[in-house]
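Structural description and commentary
The primary structure of each chain is shown beneath.
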Amino acid sequence: MNAQIDAPEVREMKTRNGDVLAVRPVTGDDEALLEEFFDRVSDEDRRFRFLSPRKHVGHEQLAPMVEIDHFRTETWVAFDEASGAVVGTAMLACDNPLDTGEVAVSVCKDWRGKGVGWALLDVVAKAAEQRGLRRVISIEDRENHAAIELEREKGFVPHGVDGDPTVVMLEKTFR
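Residues numbered from 1 in each chain as written. Predicted model: local features only at pLDDT ≥ 70, side-chain atom pairs only at ≥ 80, totals over all residues. Heavy atoms only, no water.

A few words now on the environment of V157. Position of V157 relative to the elements: it lies in strand 7 (residues 157–160). Sequence separation between V157 and L170 is 13 residues, and the spatial gap between their C-alpha atoms is 5.2 Å. Once residues within four sequence positions are removed from consideration, V157 is found in contact with M169, L170 and E171. (Helix = DSSP H or I, 4+ residues; strand = E, 2+ residues; numbered from the N terminus. Contact = heavy atoms within 4.5 Å.)

Laid out in structure tokens, this is it:
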């Protein structure tokens, strides 16, 4: 193992509202940062993100977000540069043949409606295209109207999920 670990590249990300945030891939040290972030996500949005109700997001849910290979799976965090607080996170998890990637985005309640999810979807889509994926999908609770509408705006097409009328799969095809 290398004693020297490179810091992840921090880039600027402009939201639809014009806010400029810093965005970078997670590191293995970011579990506590994500835990604090998910404590600032509304109960409903936590339920939408994990497709089950939970008051707190702990190690069991966070480890797969930070213990990653940074290619088949990547998680990004978006920061408000003024406060240093994480305001959003996005994850791309690719299948083994690198055909399909699943997308998941969360935004803390104080930053909802400001274009953070919109900008994070662009970050994920660019990464998916760079990896050569054919498509990305998102599995949404049918009650998550804001996410479904945003994803449709970004070119995702909704499909029903056989055997589960409570969720919808949205798909964006690149090739």
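Past the structure itself, the notes keep going.
With 45 residues, the main nonpolar core has M13, F38, W76 and L92 as its most contacted residues. Take this core: its biggest share by element is eight residues, from helix 4 (residues 116–130). Apart from the residues within four sequence positions on either side, M13 is in contact with D19, V20, L21, V23, A78, V116, A119, L120 and V123. (Core = buried A, V, L, I, M, F, W, Y, C linked by side-chain atoms within 4.5 Å. Buried < 20%, exposed > 50% of the residue type's maximum accessible area, 1.4 Å probe, protein only.)

This part takes up the confidence of the model for the protein chain. Caution applies to low-pLDDT parts of the model: their predicted coordinates are not meant to be read in detail. With 95% of its residues at a pLDDT of 70 or more, the protein chain shows a mean pLDDT of 91. In the predicted structure, residues 1–5 sits below a pLDDT of 50 and forms zero contacts with residues beyond four places in sequence or in another chain. (pLDDT = per-residue confidence, 0-100.)

Running from N to C, helix 4 and helix 5 (residues 145–153) cross one another at 50 degrees; their axes reach a closest spacing of 10 Å. Between helix 4 and helix 5, the angle falls in the class oblique. Relative to helix 5, helix 4 is oriented so that their crossing is right-handed. Along its contact with helix 4, which presents G117, W118 and L121, the element helix 5 presents L150, E151 and E153. By residue class, the composition of the contact of helix 4 with helix 5 is three nonpolar, one polar and two charged. (Axes fitted to C-alpha atoms, helices over the stretch in contact; angles between N-to-C directions. Parallel < 35°, antiparallel > 145°, perpendicular 65-115°, else oblique. Left-handed = near helix turned anticlockwise from the far one by under 90°. Nonpolar A, V, L, I, M, F, W, Y, C, P; charged D, E, K, R; others polar.)

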